Amino acid sequence: MPQPRRKKRKSSKQEPLFGDWRQPVKNPADTVHMVNLPYRLRLSLGMRVDELRSAPRNVLHRLMTDAAYAQEIHLDLPTGWARWSRVAFALLVLLPLSVVMVFALLLQLYHAAPALGQWGFWCSDPVWFSATGVLCFLGLMIMKLLESLFIYVYVLGHELTHALAVLLSFGRVHAFRVDAQGGYVETESDSLFIALSPYFIPLWLLLWLGVCAGVNYFFPFQDFPVWFYSGLGFWWSFHVYWTLWIIPREQPDLLEKGVLLSALLILLMNIGIMVLILRGFHVISLHGYWQDMQGCAASIAGLFRDLGDLCCDLGKWFYGLAELVMQLVQSQV
């Protein structure tokens, strides 16, 4: 006698979470009435992945300190013409501009080599104390001291920069969260400036310089250069180190805007900040940098022109060779 078929019991395993900050939904049927609620309210109540994808929502600018978290989040990646237009703009405009700016900076440093080789330059207060700040930060990183604290401080500064960029863009911040695993800022505004601003705006460096300058203005103190330039070196190293550390970890902001476009824009903006810092130390001149940029652009344009002429000559040579082969074949027939 055949045994009666048993009904399969439904698994009590819950749906995957949409991001690391949401709580699991105990009963999926309870979330139906949440579809039309504001997104910031749905964040606190919790929703399933499919409903979050179909419902209108605000923009989340997210940071993940672990690459595994980024794989759990649904991303609105550019597709079709939007994706290829960004790739074309990055390759045809931003990449040549990046090459020109890098080579112009190297030329300026080459011209400044005689001054950089003098002992008096390295013994000056700005350079000496800035180098001390850089070495202090690198020593802490090598010995892995206060690393978890630095991660939290970086995430906090990252999300604060997002929030300030939203306010500067005349938007509103609806939600803000920071912890050691990452953070997010929820807003209805979205732009490249808001998404990429933490990667090229050194917030803690600007705050340090502003606080030191303000305190020295109202209460002048003798050790101002020591604190000012030491903090400059420390916080600039902090910005560069953690920016390079966080970018390879599949950040949602970079993925949604296009990795190539975002990376080149971040490179361009950080080169610009580096040029301003070097100008402040009287290592380079802005006028000379602009002239070197023009010279590099002309050289690169000439190189591409020569490559184009070479390709045309090769094309004509192969075309002539093909005609010769066809004539030989016809004569044999």
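Refer to the structure presented above.
Residues numbered from 1 in each chain as written. Predicted model: local features only at pLDDT ≥ 70, side-chain atom pairs only at ≥ 80, totals over all residues. Heavy atoms only, no water.

A.B. asks: Describe the overall build of the chain, with residues and values.
C.D. replies: When helices and strands are counted, the chain shows 14 helices and 3 strands. The buried share among the 333 residues of the chain stands at 36%. Within the chain, residue pairs in contact and separated by at least 24 positions form 71% of the contacts whose partners lie at least 6 positions apart. Of the roughly 20900 Å² of accessible surface on the chain, a fraction of 67% belongs to carbon and sulfur atoms. (Helix = DSSP H or I, 4+ residues; strand = E, 2+ residues; numbered from the N terminus. Buried < 20%, exposed > 50% of the residue type's maximum accessible area, 1.4 Å probe, protein only. Contact = heavy atoms within 4.5 Å. Areas by Shrake-Rupley, 256 points an atom, 1.4 Å probe, with all protein chains shown as cover.)

A.B. asks: Now, about the pairing of strand β2 (residues 173–179): what can you tell me, with residues and values included?
C.D. replies: As judged from the 6 bridges shared by β2 and strand β3 (residues 182–187), these two strands associate in the antiparallel manner. Across the sheet, the residue bridging to valine 178 is glycine 183, located in β3. Counting the residues in the hairpin turn of β2 and β3 gives 2 residues. (Pairing = 2+ DSSP bridges.)

A.B. asks: Pulling in residues and values, what's your account of the pattern of salt bridges?
C.D. replies: In total, this model carries 1 salt bridge according to the counting rule given. Between aspartate 179 and arginine 177 there is a salt bridge, with its nearest N and O atoms 2.3 Å apart. Aspartate 179 gets classed as buried once you look at its relative accessible area, which sits at 13%. (Salt bridge = Lys/Arg side-chain N within 4 Å of Asp/Glu carboxyl O.)

A.B. asks: Let's hear about the packing of aromatic side chains: which residues, and what values?
C.D. replies: In this description, a pair of aromatic rings is defined by centroid distance and the angle of the planes. Overall, the coordinates contain 20 aromatic pairs when judged by the stated rule. Ring geometry for tyrosine 217 against phenylalanine 218: centres 5.1 Å apart, planes inclined by 90 degrees, an arrangement best described as edge-to-face. Taken together, Phe137, Phe150, Tyr154, Trp204, Phe234, Trp235, Phe238, Tyr241, Trp242 and Trp245 form an aromatic cluster joined through their ring pairs. (Phe/Tyr/Trp six-rings, centres within 6.5 Å; stacked < 30°, edge-to-face > 60°.)

A.B. asks: Please set out helix α13 (residues 259–280) residue by residue, giving values where relevant.
C.D. replies: Within an α-helix, residues lying three or four positions from one another point in the same direction, as the helix has 3.6 residues per turn. When the terminal C-alpha atoms of α13 are compared, their 32 Å separation across 22 residues agrees well with the 32 Å that a helix rising 1.5 Å per residue should span. Those residues of α13 that sit buried are Leu261, Ser262, Leu264, Ile266, Leu268, Asn270, Ile271, Ile273, Val275, Ile277 and Leu278. Two residues or fewer past α13, histidine 282 is found with a positive phi of approximately 60 degrees. (Expected span 1.5 Å × (residues − 1).)

A.B. asks: Tell me what's going on with the environment of phenylalanine 228, and back it up with residues and numbers.
C.D. replies: With respect to the helices, strands and loops of the structure, phenylalanine 228 is situated in helix α11 (residues 224–246). Along the chain, phenylalanine 228 and proline 126 lie 102 residues apart, while their C-alpha atoms are 8.7 Å from each other. If we skip the residues at most four places from it in the chain, phenylalanine 228 touches Trp208, Leu209 and Cys212.

A.B. asks: Which residues make up unusual backbone geometry, and what values go with them?
C.D. replies: Residues other than glycine seldom take positive phi values, yet leucine 146 does so here, at roughly 60 degrees. Its identity is not glycine, yet phenylalanine 170 carries a phi of approximately 60 degrees, on the positive side. Tracing the sequence through the fold places phenylalanine 170 in the loop between α8 (147–168) and β2.

A.B. asks: Quick rundown of the nonpolar core? Include the residues and the values.
C.D. replies: Core analysis: the biggest nonpolar cluster contains 45 residues, and Leu196, Tyr199, Phe238, Trp242, Val283 and Tyr289 have the highest contact counts within it. Of all elements in the fold, only α4 (80–111), α7 (125–142), α8, α9 (192–200), α11, α13 and α14 (286–332) reach the threshold of two or more residues within this core. When residues in this core are grouped by element, the largest group, 9 residues, is from α13. (Core = buried A, V, L, I, M, F, W, Y, C linked by side-chain atoms within 4.5 Å.)

A.B. asks: I'd love a proper account of the environment of methionine 101, names of residues and values included.
C.D. replies: Note on placement: methionine 101 falls in helix α4. Sequence separation between methionine 101 and cysteine 296 is 195 residues; the distance between their C-alpha atoms is 8.4 Å. Residues in contact with methionine 101, not counting those within four places in the same chain, are Leu268, Ile271, Gly272, Tyr289 and Met293.

A.B. asks: Would you mind going over the packing of α8 against α11 in detail, with residue names and values included?
C.D. replies: Two elements in contact, α8 and α11, have axes separated by 11 Å at closest approach and are oriented at 85 degrees. The orientation of α8 relative to α11 falls into the category roughly perpendicular. When α8 is examined against α11, the residues Glu147, Phe150, Ile151, Val153 and Tyr154 are found in contact with a partner set consisting of Phe234, Phe238, Trp242, Thr243, Trp245 and Ile246. Class assignment of the residues belonging to the contact of α8 with α11 gives a composition of 9 nonpolar, 1 polar and 1 charged. (Axes fitted to C-alpha atoms, helices over the stretch in contact; angles between N-to-C directions. Parallel < 35°, antiparallel > 145°, perpendicular 65-115°, else oblique. Nonpolar A, V, L, I, M, F, W, Y, C, P; charged D, E, K, R; others polar.)

A.B. asks: Quick one: what's the story with the pairing of β3, residue by residue and with numbers?
C.D. replies: Within β3, 6 of the 6 residues are buried, which leaves the element mostly enclosed by the surrounding structure. Along β3, one buried face is formed by Gly182, Tyr184 and Glu186 and the opposite face, lined by Gly183, Val185 and Thr187, is buried too.

A.B. asks: Would you mind going over the side chain of aspartate 292 in detail, with residue names and values included?
C.D. replies: Take aspartate 292: it is sitting in helix α14. Despite its burial, aspartate 292 pairs with no opposite charge, the nearest such side chain being arginine 279 at 13 Å. (Lys, Arg positive; Asp, Glu negative; His and termini not counted.)

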